[in-house]
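# Structural characterization, general
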Amino acid sequence: MAVVLTISETVTGSNVSDSLAGGSTGLDFGQVTNGQFAPLISQAANTGHQDIFIRHDAVVDPITDVKFYISQFSGVYGGANSAATDFTTLSNYGAADAGANANNADGLSRGLHIDMDWQVSTANQFSYSREATGQKRIFGKTYTGKDGLSLANAFDMHVDAASYWNGSSEIDATTPVTGKIGKSSDTVLGNRGHIRARTYLHTAAVDGGILQFDVVASYAYTA
Amino acid sequence: MSFDPMKKLATDAGNRWLFRWIFHYADHKPAKVGGWHPAARLEDMATVQSRDALALVMIEGKHFTTKEQRYFAEATGEDFINIQHLAIHFQSAGLVRTHVYGMRIIHRHGIISCFENGEVLRDDRHYSELNIIMPESTRF
């Protein structure tokens, strides 16, 4: 049977449905100021992030090969330039990211960052040391040949993104596997992928305006 | 692999291949054939079909526009593990979209992936190296 994902902002929510410039719906990260990140609560405390939950409706097997990449915005464009230009801009931001601080204290971080550990601490979330473990990824930055800009170079969902929603609370999957999300009753693999995301802007950024792009989730399911 | 379904959807959506699975049996049972789109019912899925005397598993493609049909991949029944649809999820113009862009055979010696642009990718590593553990539905 066809297997459909639900990608939501809350653990049991519906698909993301923020109103976007141009008239499409999706996920609005909010406004980011030079030298900071969004969503932002406190830069000094490294707080503020966008939760993203991934679940599915498969009834036979888990889904496998869950990966993420960004693509040119496919909705009705309402940004400041063009969908193609925005994709290039975001890709270039990732490639040029030279930050060293999770909270962008040095003002050198830029682009779309994800942290694929659902229970990472506030102090550690989005830390650059987590790139070595595969938990943190920046779209456009290359990690052993993968830059997150195409299906072939998509980022694997990290094993630490797997969680299990038991109906009242989110707990750790007992034996999660990279890129796999189990069925709704699967306590072993978990029934959720839970990642955190932020958009960063470097201090020296000169272009303002709305940036629009697609985040694509790819996966495989039993036929 | 250079294929990217998002780029194809944006520029060349109609020029693509649909895929279905075919099971051939050694004991003269009639072949089982899947649909050109993911099955709507559990009993029509490849994974619930009999594997007794399964001789050959094939992926057949049909061109969306020209209707040309051809075989893209095959694996012997004794090596067969699973068949999967390959899909992407994204939102576009206010719609949540799931797009199936290919099909693949997982067998004991690797994976053969068929993409909607007609590209076929063989990965001959053992499935355990590819982080593919046995699906729950696999029967021997």
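Definitions and limits used
- Residues numbered from 1 in each chain as written.
- Chains lettered and ligands numbered in written order.
- Predicted model: local features only at pLDDT ≥ 70, side-chain atom pairs only at ≥ 80, totals over all residues.
- Helix = DSSP H or I, 4+ residues; strand = E, 2+ residues; numbered from the N terminus.
- Rg over C-alpha atoms; globule rule 2.2 N^0.38 Å.
- Buried ≥ 20, exposed ≤ 12 C-beta atoms within 10 Å, placed from the backbone.
- Contact = placed C-beta atoms within 7 Å.
- Pairing = 2+ DSSP bridges.
- Nonpolar A, V, L, I, M, F, W, Y, C, P; charged D, E, K, R; others polar.
- Axes fitted to C-alpha atoms, helices over the stretch in contact; angles between N-to-C directions.
- Expected span 1.5 Å × (residues − 1).
- pLDDT = per-residue confidence, 0-100.

## Remarks on the overall build of chain A
Within chain A one finds one helix and 13 strands. The order of helices and strands in chain A, counted from the N terminus, is β-β-β-β-β-β-α-β-β-β-β-β-β-β. Computed over C-alpha atoms, the radius of gyration of chain A comes to 17 Å, within 12% of the 17 Å expected from 2.2 N^0.38 for 223 residues, which places it in the range of a compact globule. Projected onto its principal axes, the C-alpha positions of chain A cover 50 × 35 × 35 Å. Taken over 223 residues, chain A has a buried fraction of 51%.

## Let's talk about the overall build of chain B
Secondary structure summary: chain B contains one helix and eight strands in total. Going from N to C terminus, chain B has its helices and strands arranged as α-β-β-β-β-β-β-β-β. Looking at the 140 residues of chain B, the share that counts as buried comes to 32%. Contacts in chain B between residues far apart in sequence, at least 24 positions, make up 51% of those at least 6 positions apart.

## Observations concerning the pairing of strand β6 (residues 95-107) of chain B
Residues and elements named next belong to chain B. Here 12 bridges tie strand β5 (residues 80-92) to β6, and the two strands are oriented antiparallel to one another. For F90, the partnering residue across the bridge sits in β6 and is R97. Looking at chain direction, β6 and strand β7 (residues 110-115) are connected through six bridges and run antiparallel. Looking across to β7, one finds that I105 is bridged to I112.

## Some points on the interface of chain B and chain A
Each partner contributes to the interface: chain B provides 39 residues, whereas chain A provides 33 residues. Going through the elements one at a time, α1 (5-11), β5 and β6 of chain B are the ones with two or more residues in the side of chain B that touches chain A. Per element, the largest residue contribution to the side of chain B that touches chain A is 11 residues, and it comes from β5(B). Here the side of chain B that touches chain A is built from residues that sort into 23 nonpolar, 13 polar and three charged.

## Re the sheet that holds β7(B)
Strand order in this open sheet of seven strands is β9(A)-β6(A)-β13(A)-β5(B)-β6(B)-β7(B)-β8(B), and the pairing throughout is antiparallel. Each of the sheet's edge strands pairs with one partner strand only, and the pair in question is β9 (155-156) of chain A together with β8 (120-123) of chain B. In the packing of helix α1 (residues 83-96) of chain A onto the sheet, contacts are made with β6 (64-72) and β13 (213-222) of chain A, and the angle to β6(A) comes to roughly 115 degrees.

## Considering the environment of G134(A)
Among the secondary structure elements, G134(A) is positioned in the loop between β7 (111-115) and β8 (136-138). When the C-alpha positions of G134(A) and T199(A) are compared, they lie 18 Å apart, and in sequence the two are 65 residues distant.

## Structural notes on the environment of M157(A)
Residues and elements named next belong to chain A. In this fold, M157 is placed in the loop between β9 and β10 (162-165). Residues M157 and G134, spaced 23 residues apart in sequence, show a C-alpha to C-alpha distance of 8.9 Å. Leaving out residues up to four positions away in the same chain, M157 has contacts with V66, K67, F68, M116, T178, G179 and G193.

## Notes on unusual backbone geometry
Residues and elements named next belong to chain A. In this structure, the amide linkage connecting A38 to the following residue, P39, adopts the cis form with an omega of 0 degrees. Locating P39 in the fold gives a position in the loop between β4 (37-38) and β5 (50-56). Positive phi, normally seen in glycine, also occurs at D65, with a value near 55 degrees. Among the secondary structure elements, D65 is positioned in strand β6. Among the residues examined, D65 registers 22 C-beta atoms within 10 Å and is labelled buried.

## Remarks on the sheet that holds strand β2 (residues 32-33) of chain B
Residue and element names in this part refer to chain B. Pairing in this open sheet of four strands is antiparallel, and the strands run β2-β1-β3-β4 from one edge to the other. For this open sheet the edge positions go to β2 and β4 (69-76), each flanked by a neighbour on one side alone. Sheet topology places strand β3 (residues 54-63) next to β4; seven bridges connect them, and they run antiparallel. Bridge pairing in β4 links K62 to Q69.

## Regarding α1(A)
With 14 residues, α1(A) extends 20 Å between its outermost C-alpha atoms, agreeing within 8% with the 20 Å of an ideal straight helix rising 1.5 Å per residue. Residues of α1(A) that are buried make contact with β6, β7, β8 and β13 of chain A.

## Here we look at the confidence of the model for chain B
Overall, the prediction assigns chain B a mean pLDDT of 88, with 89% of residues at 70 or greater. Confidence metrics for the complex model read pTM 0.94 and ipTM 0.94.

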